[in-house]
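Examining the three-dimensional arrangement
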Amino acid sequence: MSSYVLPENPLFSGIAPHEIAPMLDCLGAAQRTYDRYAHILSTGDTTAALGLVLSGSALIQSDDLWGNTTVFDRVRPGQIFAETYACTGEPLLVDVVAAEPCTVLFLEVGRALRICPNTCAHHERLIRNLLSLSAQKNLNLSRKIFHTAAKSIRGRLLSYLSYQARRCGSCTFTIPFDRQQLADYLNVDRSALSAELSKMQKEGLLQTRRSHFTLLCVEDHLSG
C-alpha cells in the first residue's frame, strides 16, 4: 500500500498522516496495477469503490457500436474517477482505460457516507474533500462541452488551446493528449484535425510538435 504518498493527495487534505492507515482499512482500500490499454472499469460495470490514481494515468472514454471513441478526460496522479457511480450504484456509462502503466487505489466511498462503527472523525473531512474533487471534475466536463460547442474544427482547437495557454500562463505548453486522443476529446476526425493544425501552422497561428504547442502573437492577450 502506497500510503506514504497519500498525505499530499487532495482527497486526504487536512487529515493527519497517522490517521490515514486506519482510514484505508475502514474504506476497504485495495491497490491494483494495470498495463497500458487495460480496462480498469468498463461500460455497464457497477462499482462500490472510487479509483484514486497513484501513478500513471487513465482515460475516461466511450466507444459507440461502430468503434468511434470519445474521450472525456484524462485522470492523472492524485485525481479520482468513478466516485459518482460508487455513490449511486448506477452502471457505468463510460470506460476507464489505462493510458499508460498505472497504479490505482480503490476506496469503498459508501463506507464514508455511513455512520462509521469506529467513529472515525476524519470521515467528515474526507467527504468534504471528495465533494471538492467532484466539483472540479464537473468543471472539467463543462470545459469539454464549451470546447466542443464550435461547429468547425478550428473553432474547437482555438477554444481548447486558448484555455491551455491561459491555464499555464504561457503561450508555450504541453497538452495531456496525443493527437488521436485530442481528436477524440474534441469529437473530430484525426486526419481532419491534423490537416487543420497544418493550416494553422502555415498561417502563423501556432507551432506544434506532438503534444507541445506554441501559440503565436497571443502574448498581449495572456497578459491582459
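Notes on the structure in this doc start here. (Residues numbered from 1 in each chain as written. Predicted model: local features only at pLDDT ≥ 70, side-chain atom pairs only at ≥ 80, totals over all residues. Heavy atoms only, no water.)

1. Some words on the pattern of salt bridges
Tallied over the full model, the rule gives four salt bridges. With a closest N to O distance of 3.7 Å, E100 and R74 form a salt bridge. Of the two residues, E100 sits in the loop between strand 7 (95-98) and strand 8 (102-107) while R74 sits in strand 5 (residues 69-75), which places them 26 residues apart along the sequence. Overall, R74 belongs to the buried group, its relative accessible area being 14%. (Salt bridge = Lys/Arg side-chain N within 4 Å of Asp/Glu carboxyl O. Helix = DSSP H or I, 4+ residues; strand = E, 2+ residues; numbered from the N terminus. Buried < 20%, exposed > 50% of the residue type's maximum accessible area, 1.4 Å probe, protein only.)

2. Focus on the pairing of strand 8
Burial analysis of strand 8 places six of its six residues in the buried class, the great majority of the element. Alternating residues of strand 8 divide into C102, V104 and F106 and T103, L105 and L107, and every residue in both groups is buried. Here strand 1 (residues 30-34) pairs with strand 8 via five bridges, running antiparallel. What sits directly across from A30, in strand 8, is F106. (Pairing = 2+ DSSP bridges.)

3. Here's the deal with unusual backbone geometry
Even without being a glycine, A82 presents a positive backbone phi close to 65°. Among the residues examined, A82 registers a relative accessible area of 8% and is labelled buried.

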